Each structure stands twice: as C-alpha cells, then as structure tokens.
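Single-letter residue listing:
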Amino acid sequence: MNDRVAAAAERAQHIRQRCDRPSQRRCAEHSAARSVARVPASIELREKGDGGGMEFLGYATVYERAYEMWDFYGPYTEIVSAGAGADSLARADLDVPLVLGHDQLRRLARTSTGTLTLAEDDNGLRVHAAQLDPADYDVQYIAPKLRAGLIDEMSFAFRIEAGQWSPDYTEYRITRYDIHRGDVAIVGFGANPATEASLRERPVASSRARALLELALAR
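Residues numbered from 1 in each chain as written. Predicted model: local features only at pLDDT ≥ 70, side-chain atom pairs only at ≥ 80, totals over all residues. Heavy atoms only, no water.

Caption draft 1: Here's a closer look at the confidence of the model for the chain. Averaged over every residue, the pLDDT of the chain is 81; the share at 70 or more is 79%. Averaged pLDDT values for the elements of the chain fall to 35 in strand β12 (residues 212–218) and rise to 98 in helix α2 (residues 86–89). When the criterion is pLDDT under 50, residues 190–200 qualifies, and its contacts beyond four places in sequence or with other chains add up to 57 contacts. (pLDDT = per-residue confidence, 0-100. Helix = DSSP H or I, 4+ residues; strand = E, 2+ residues; numbered from the N terminus. Contact = heavy atoms within 4.5 Å.)

Caption draft 2: View of the packing of aromatic side chains. All told, the structure shown has seven aromatic pairs when counted by the stated rule. Arranged with centres 5.1 Å apart and planes meeting at 90 degrees, the rings of F72 and Y73 form a pair that is edge-to-face. Here the aromatic rings of F158 and Y177 are separated by 5.5 Å at their centres, their planes lie at 55 degrees, and the arrangement is tilted. One end of the pair, F158, is in strand β9 (residues 153–165); the other, Y177, is in strand β10 (residues 171–187), and 19 residues separate them in sequence. Of the two residues, F158 and Y177, both sit in the buried class. Joined through ring pairs, the aromatic side chains of Y76, W165, Y169 and Y172 make up one cluster. Directly above the aromatic system of Y141 lies the positively charged group of R106, at a separation of 4.8 Å from the ring centroid. (Phe/Tyr/Trp six-rings, centres within 6.5 Å; stacked < 30°, edge-to-face > 60°. Buried < 20%, exposed > 50% of the residue type's maximum accessible area, 1.4 Å probe, protein only. Lys NZ or Arg CZ within 6 Å of the ring centre and 35° of its normal.)

Caption draft 3: Examining the nonpolar core more closely. One finds L98, L125, Y177, I179 and V184 to be the most contacted residues of the largest nonpolar core, which totals 42 residues. Among the elements that make up this core, the one with the highest residue count is β10 (six residues). Ignoring anything within four residues of it in the chain, the contact list for L125 reads G58, Y59, A60, T61, Y63, L89, L118, A119, F156, Y177, I179 and V184. (Core = buried A, V, L, I, M, F, W, Y, C linked by side-chain atoms within 4.5 Å.)

Caption draft 4: Quick peek at the environment of A157. Along the chain, A157 turns up in strand β9. Separated by 26 residues in sequence, A157 and D183 place their C-alpha atoms 5.2 Å apart.

Caption draft 5: The arrangement of the pattern of salt bridges in detail. What the rule picks out here adds up to 10 salt bridges. Residues D95 and R181 are paired through a salt bridge, measuring 3.9 Å at the closest nitrogen-oxygen approach. Of this pair, D95 sits in the loop between α2 and β5 (97–100) while R181 sits in strand β10, and the two are 86 residues apart along the sequence. Using a relative accessible area of 11% as the deciding quantity, one classes D95 as buried. (Salt bridge = Lys/Arg side-chain N within 4 Å of Asp/Glu carboxyl O.)

Caption draft 6: How the structure looks around the pairing of strand β4 (residues 74–80). Buried residues dominate β4, accounting for seven of its seven residues. The pairing of strand β3 (residues 67–71) with β4 spans five bridges and is antiparallel. Directly across from W70, in β4, lies its bridge partner P75. Hairpin geometry of β3 and β4 is characterised by an intervening segment of two residues between the two adjacent antiparallel strands. Direction of pairing for β4 relative to β10: parallel, over a ladder of four bridges. Looking at β10, one finds that V80 is bridged to I174. (Pairing = 2+ DSSP bridges.)

Dropping the structure here:
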C-alpha cells in the first residue's frame, strides 16, 4: 500500500494532465515487462468424442474489473471501460491473431482470414475461433494443457488511445483502445480474476464439422 501511495504522489507531481497515458506502462514491477493486460480463467473440460475440428470461445479481457499494472512511478490500478474497443473493432481491415503467449509466430486464427471474430459484450472482449485446425502443431500443443488446467488464462496486446487518471492518481481508466495489429493470447499468468472457462469435444457431425472442442470464458 505504501508503494502505491508513494507512486501516486510522484505521479501527481510530474504528470501534467490526468488524460496523459501511463509512462513505461507494464504488467509487472520489472522495467522490461511487457505492457499487456491479462485475464485469468478457470477451465472445465467436458469430452464427448475424439478428434476433429475445434471451436474456441473466450474473453481476452473483461471490462469494469480492476487489475494491477506498473508505470515509471510504481504500481497502480487499471480498468478498461465497457465499449472501449468499439472503434477499433469496427475497422474493415482489422487484423488481430489469436496466439500462444503473445508469440506472433504461434498463430491459431486471425481476423483478416475470417477464422477469428472479436466482439464486445457486457462482459468484455469476446474471442471466437469457429474452426481451429486439429492438425496444427500449436493446437495440438495447447489443447491438452487447457484440458488439464495447466493453462487457463487469456490476455490481449493493444495501444491506449484515450484514458484518464483518477483524481488521486492511483487508478487509470482506459476509455478507448486500438487492438488492430495487436493480438489476443492464451497465456500462463494473469492479473484480473474474473472469468471461467469450459472445454468440450463432440463426435464427427459432418465433413465440415468433424468434431467440436469448445472453450468458453464467462464471468
């Protein structure tokens, strides 16, 4: 608490306007940490078949839920406002991949190819990949870890376009973000305990849907 108060006091002295964005924003105390917001999830696995295509549903972030971040001065609380991604998600050329661990070479789906859909709802940023390729190495790698609960969180990488500090500089609210050419990611650790998940497999139904594996993150 003392670190948070001291950091807020430093911000109050050095930040010119409350609408200024966090300086050296990051998700951990270490200055080299990446500036991503992460959302933990609890995963439940229900299997009713084997093999086949896989459907992924989840939340890359939840809205109106506080999580801890760091800036040049120290720790602070960050909140993403409901609807903050509306303008970015409405882009006709939106290009965002679903990846593992924010690794851009480990892509599972992508909006620009029609294999990934992003949308806002009352809970947050909803992620839907209707047909993951079961032959893809990264799908084969992550599926058993999701089933076992070894990996159970999501995150998203984005740019802050608008926001504002609270009067005491302990909290920053993001009111508009740009996710174009960012990513939504399945990650190992997170900071905002607000979601749940389920994973299901179904038998072959047709040549287009040989099986269904569903991961659904919800509050």
